[in-house]
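Each chain, written out:
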Amino acid sequence: TVCLVRGPDQPGALQAITAAFAASRVIIHSARVSSSHGHNTDRFSVSDRLGRKLDQAAMDRTRASLDAVQPRRRRRFGASR
């Protein structure tokens, strides 16, 4: 599963995002982190702890964790490529 996270570039942002994934019991397989003009656009390839694509419940749990940690961040899930 691919998760895009966008938001303001600020100290500790990447740590907060990865902590939200950990709290949601989501495994990060790869990440592409970029920052431009004060904004982050981060792309994560993630799965559940068994290596499966995230189901709707896992995506909802992850969204809630990301919103709790970084309320101004926007995130979008998409299909793996």
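Higher on the page you've got the structure.
For every chain, the first residue of its written sequence is number 1, and the numbers climb from 1 along that sequence. Only residues with pLDDT of at least 70 get local features here, since the model is predicted, and only at 80 or more are side-chain atom pairs given and counted; chain-wide, interface and lining totals rely on the full set of residues. Side-chain metrics rest on all non-hydrogen atoms present in the structure, leaving aside hydrogens and water.

**Student:** What's the story with the packing of aromatic side chains in this structure? I'm lost.
**Tutor:** Pairs of aromatic rings are described using the distance from one ring centre to the other and the angle between the two planes. Side-chain rings of Phe, Tyr and Trp, where Trp is taken by its six-membered ring, are said to pair if the distance between their centres is within 6.5 Å; with planes under 30 degrees apart they count as stacked, over 60 as edge-to-face, and otherwise as tilted. In this structure the tally under the stated criterion is 1 aromatic pair. Taken together, a centroid distance of 5.0 Å and an interplanar angle of 65 degrees make the contact between Phe 21 and Phe 44 edge-to-face. Taken together, the positions of Phe 21 in helix H1 (residues 13-23) and Phe 44 in strand E3 (residues 39-47) put the pair 23 residues apart, joining distant regions of the chain. A relative accessible area of 2% means that Phe 44 is categorised as buried. Helix numbers and strand numbers start at the N terminus; a helix is a DSSP run of H or I with at least 4 residues, a strand a run of E with at least 2. Buried means the residue's accessible area, taken with a 1.4 Å probe over protein chains only, is under 20% of the maximum for its type, while exposed means over 50%, and partly exposed covers the values in between.

**Student:** Please explain the nonpolar core as it appears in this structure.
**Tutor:** Side chains of a nonpolar character, in soluble globular proteins, are inclined to be buried together. Side-chain atoms within 4.5 Å link the members of a nonpolar core, which is a set of buried Ala, Val, Leu, Ile, Met, Phe, Trp, Tyr and Cys residues. Formed by Cys 3, Val 5, Ile 17, Ala 20, Phe 21, Val 26, Phe 44, Val 46, Leu 54, Ala 58, Met 59 and Leu 66, the largest nonpolar core amounts to 12 residues. Residue assignment for this core shows that the elements contributing at least two residues are strand E1 (2-8), H1, E3 and helix H2 (56-69).

**Student:** I keep staring at the pairing of strand E2 (residues 27-36) and nothing clicks. Help me out?
**Tutor:** Regular strands have side chains that alternate between both faces of the sheet. Two strands qualify as a pair provided that DSSP identifies no fewer than 2 bridges between them. In this sheet, E3 lies alongside E2 in antiparallel orientation, the contact comprising 9 bridges. The partner of Ser 30 across the bridge, within E3, is Ser 45.

**Student:** Would you explain the pairing of E1 in this entry?
**Tutor:** When you tally the buried positions in E1, you get 5 out of 7 residues, the bulk of the element. Sheet topology places E1 next to E3; 7 bridges connect them, and they run antiparallel. What sits directly across from Pro 8, in E3, is His 39.

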